[in-house]
Amino acid sequence: MIVRQRVDWKYTAILLLLLLGFVFPAAAEDVPFIQFGDRFHPVPGHGGMVVSQEALASRVGAEILRQGGNAVDAAVATGFALAVTLPQAGNIGGGGFMLVHLAERNETIAIDYREMAPAKAHRNLFLDESGNADAEKSRYSALATGVPGTVAGLVHAQEKYGKLPLRTVIAPAIKLAENGFEISYPLSFSFRYARDRLAANPAASGYFLNADGTAKAVGERLVQRDLAATLKRIANQGADGFYSGKTADLIVIQMSKSGGLIDHDDLAGYRVVERTPVWGRYRNYQVASMPPPSSGGVHLVEMLNILEGWDLESMGHNSADYLHRLIEAMRRAYADRSKYLGDPDFETVPVQALIDKDYAARLREGIATDRATPSSEVAPGLPVPEESPQTTHYSVWDADGNVVSNTYTLNFSYGNGIAVAGAGFLLNNEMDDFSAKPGVPNAFGLLGGEANAIEPRKRPLSSMTPTILFKDGDPVLATGSPGGSRIITAVLQLILNVVDFQMNIAEATAAPRIHHQWYPDTVDAEPGISPDTVARLKALGHEVKTAPWAIGRTQSISRDQSVFQGMTDYRWPGGEAVPAEGVNILQNNP
Ligand code: DON
């Protein structure tokens, strides 16, 4: 007994020291955001922040902020730079979605620059003679390429919402392509990973492999002269530098060489669409995210609505009780995705019905808290009919409070592996995001039906979820992720970690994630979800397996008063959070 008391005293003394040494300074007014008890800390900074999956591109964006550019200028500069430094996902041959919050107008705009099916595409494009879906065709052939939207999207954002000339924001990308840069370990790893696909196409092999067909190694320089020339045409002529003239000719020549469908009319007819974001309310926050043709925003809000009815915090982070509810919400949202989501320009997507709080309450009531519902028992719901491996995300925030959350992609790493000879860039294989045949899953195991059938000039359904969270009308968090079908669930968990579990964005990023998508009826769990928890989930009836690869790679920024905090996701090394004005926290108060 006496011994025990002595030990307690020792711990009390240590606790007191900790309180005096760490907690008190954290509570002081000049460092309001650093919680010294946290295990991980984001990068702090002033004057704005850029976070992307590739360090050189983040630095390009931050430099544009320093030169007086706004968040859109920096985002466009980062987008073009990633097309050079992260060729597996950064792109001008793909498409994506950009969410822009304009502080002065207090307006949030969703820019849709998703690829469009060529006019010659048709619903049976990927069926073989016996009517079976041919994955080889929808993923690796030139038929898999949708009309690229990236250049139109970035140029549109720049011209409408940027402050600097287009030439200024493309200049750093041109320089990186022309002078080259040292190949990092993650880049050389990804070249090795995609070597066979790249080797199959003479242009791609010339651009990204050595003459003997081996992958370029760490430390070698990657110089991309053809890409630099294409970027110069865009810098000089805007979107016309891509959709007409020499670049368009080179794309059409490549299509006829490789057997693709895109012609001059498809390129000239590509259109960017500004859409109203999907808005949700989750506890004391407002959520703005991507509307169809992405499913991201709708299902993010649908899942948040279902989960809002429970006190998640009291269950404990990543406890079995908490994860069970998460899985059941995911299962139901992805079931709805398979039926209702598609390109809103072609299909009636019941967005308001799917994000309705009463609909979520009905789904929540159907969730048993003591057992898993097999997916075979979960059909897409009937919302109230009240109305007719590689992507990359980056987030940018400027000192005036403008925010950009952007996700864009070639679909797979290096798309279909087909580069446009003479133009220096790779083509997407986004057509695989359509439903090639009802009931046949796409590369991410996602099911789709009529709403996502192929039609000429239609946009394939996406999961990209660039998102901005607001509190009392002010943006507090920008985030998004790659990861195919796992994008929506990665973004969901990042938000829950911040809102329900009060984590800073570094902790919220590092915390292990799970994923469920209705079918296959399996929970993917990252290492770090404890074996005890997995055992409890199994006892509830869930089939749980270790995630075959990391779930998402979020790139996030939060803002607490004047201090920005950035966090790249180290599930893929090589990213960086770069503030416009760095803070040396070893010497200064941020
Ligand atoms: O739009 C989509 O949902 C997919 N094409 C995204 C692909 C993706 O995230 C691959 N990445 N890791």
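Just so it is clear, the structure is predicted and the values come from calculations on it, not from any experiment.

Draft legend 1. Structural detail: the packing of helix α3 (residues 71–85) against helix α5 (residues 150–161). Where α3 contacts α5, the two axes come as close as 9 Å, and the packing angle between them is 160°. Comparing the axis directions of α3 and α5 gives the class roughly antiparallel. Taken as a pair, α3 and α5 cross one another with a handedness that is left-handed. Counting all contacts with α3, which are made through V72, D73, V76, G79 and F80, the residues of α5 involved are L154, V155, A157, Q158 and Y161. In terms of residue class, the contact of α3 with α5 is made up of seven nonpolar, two polar and one charged.

Draft legend 2. A look at the sheet that holds strand β14 (residues 523–525). Read from one edge to the other, the open sheet built from three strands follows the order β13-β14-β15, with strand pairing classed as mixed. The sheet terminates laterally at β13 (514–515) and β15 (544–546), the two strands that pair on one side only. Both β14 and β15 contribute to a ladder of three bridges, which runs parallel. When the sheet's bridge partners are listed, V523 is paired in β15 with V544.

Draft legend 3. Quick peek at the nonpolar core. Ranked by size, the top nonpolar core spans 86 residues in total, and within it F80, I92, M98 and L231 carry the most contacts. In terms of residues, this core owes the most to one element, α3, which gives 11 residues.

Draft legend 4. Summary view of the environment of G439. Mapping G439 onto the fold places it in the loop between β10 (403–409) and β11 (467–471). The exposure class assigned to G439 is exposed, which follows from its relative accessible area of 55%. In this structure, G439 is in contact with L447 and G448, ignoring residues within four places of it in sequence.

Draft legend 5. Just unusual backbone geometry, in detail. For the bond running from P292 to P293, omega is 15°, close enough to zero to count as cis. The residue after Y519, namely P520, is reached through a cis peptide bond having omega -5°. Position of P520 among the secondary structure elements: in the loop between β13 and β14. Phi is positive for Q502, which is not a glycine, with a value near 50°. Following the sequence through the fold, Q502 ends up in the loop between α19 (487–499) and α20 (505–510). Among the residues examined, Q502 registers a relative accessible area of 52% and is labelled exposed.

Draft legend 6. Focus on the packing of aromatic side chains. All chains considered together, the criterion is met by 16 aromatic pairs. Where Y394 meets Y408, the ring centres are 6.0 Å apart and the plane angle is 80°; that geometry is what we call edge-to-face. One end of the pair, Y394, is in strand β9 (residues 391–398); the other, Y408, is in strand β10, and 14 residues separate them in sequence. Each member of the pair, Y394 as well as Y408, is classed as buried. Cluster of aromatic residues (ring-pair linked, three or more members): F191, Y207, F208 and Y414. The ring of W310 has R325 lying over it, and the distance from NZ or CZ to the ring centre is 5.2 Å. Just above the ring of W549 sits the side chain of R486; from NZ or CZ to the centre is 4.5 Å.

Draft legend 7. Structural view of the pairing of strand β16 (residues 556–560). Direction of pairing for strand β12 (residues 474–479) relative to β16: antiparallel, over a ladder of two bridges. Across the sheet, L477 pairs through a bridge with S558, a residue of β16. With five bridges joining them, β16 and strand β17 (residues 563–567) adopt antiparallel strand pairing. Bridging across to β17, I557 finds its partner in G566.

Draft legend 8. Region of interest: the site of the ligand. Close to the ligand lie 15 residues; T391, E430, D433, S463 and G484 are nearest. Take T391: an N or O atom from its side chain is 2.4 Å from an oxygen atom of the ligand. The side chain of S462 places a nitrogen or oxygen atom 2.7 Å from an oxygen atom of the ligand. Considered on its own, the ligand offers 340 Å² of accessible surface; in the complex 98% of this is hidden by protein. Of the residues assigned to the shell around the ligand, the class counts are five nonpolar, seven polar and three charged.

Draft legend 9. Structural view of the pattern of salt bridges. This structure, assessed with the given rule, holds 28 salt bridges. Two residues, D112 and R275, come together in a salt bridge whose shortest N-O distance is 2.9 Å. Taken together, the residues span a long stretch of sequence, with D112 in strand β3 (residues 107–113) and R275 in strand β6 (residues 273–275) at a distance of 163 residues. There is no split in this pair, since D112 and R275 are both buried. D524 is the partner of R486 in a salt bridge, and the nearest nitrogen-oxygen pair spans 2.4 Å. A residue pair is termed long-range when its members are at least 10 positions apart, and R486 in the loop between β12 and α19 and D524 in strand β14 qualify at 38 residues. Note on accessibility: R486 and D524 belong to one class, buried.

Draft legend 10. Focus on the pairing of strand β1 (residues 43–52). The buried count for β1 comes to seven of 10 residues, which makes it a mostly enclosed element. Sheet topology places β1 next to strand β18 (residues 576–582); six bridges connect them, and they run antiparallel. In the strand pairing of β18, M49 is matched with P579.

Analysis parameters
Residues numbered from 1 in each chain as written. Predicted model: local features only at pLDDT ≥ 70, side-chain atom pairs only at ≥ 80, totals over all residues. Heavy atoms only, no water. Axes fitted to C-alpha atoms, helices over the stretch in contact; angles between N-to-C directions. Helix = DSSP H or I, 4+ residues; strand = E, 2+ residues; numbered from the N terminus. Parallel < 35°, antiparallel > 145°, perpendicular 65-115°, else oblique. Left-handed = near helix turned anticlockwise from the far one by under 90°. Contact = heavy atoms within 4.5 Å. Nonpolar A, V, L, I, M, F, W, Y, C, P; charged D, E, K, R; others polar. Pairing = 2+ DSSP bridges. Core = buried A, V, L, I, M, F, W, Y, C linked by side-chain atoms within 4.5 Å. Buried < 20%, exposed > 50% of the residue type's maximum accessible area, 1.4 Å probe, protein only. Phe/Tyr/Trp six-rings, centres within 6.5 Å; stacked < 30°, edge-to-face > 60°. Lys NZ or Arg CZ within 6 Å of the ring centre and 35° of its normal. Near = heavy atom within 4 Å. Polar contact = N/O pair within 3.5 Å; in protein donor to acceptor, adjacent residues only side chain to side chain. Areas by Shrake-Rupley, 256 points an atom, 1.4 Å probe, with all protein chains shown as cover. Salt bridge = Lys/Arg side-chain N within 4 Å of Asp/Glu carboxyl O.

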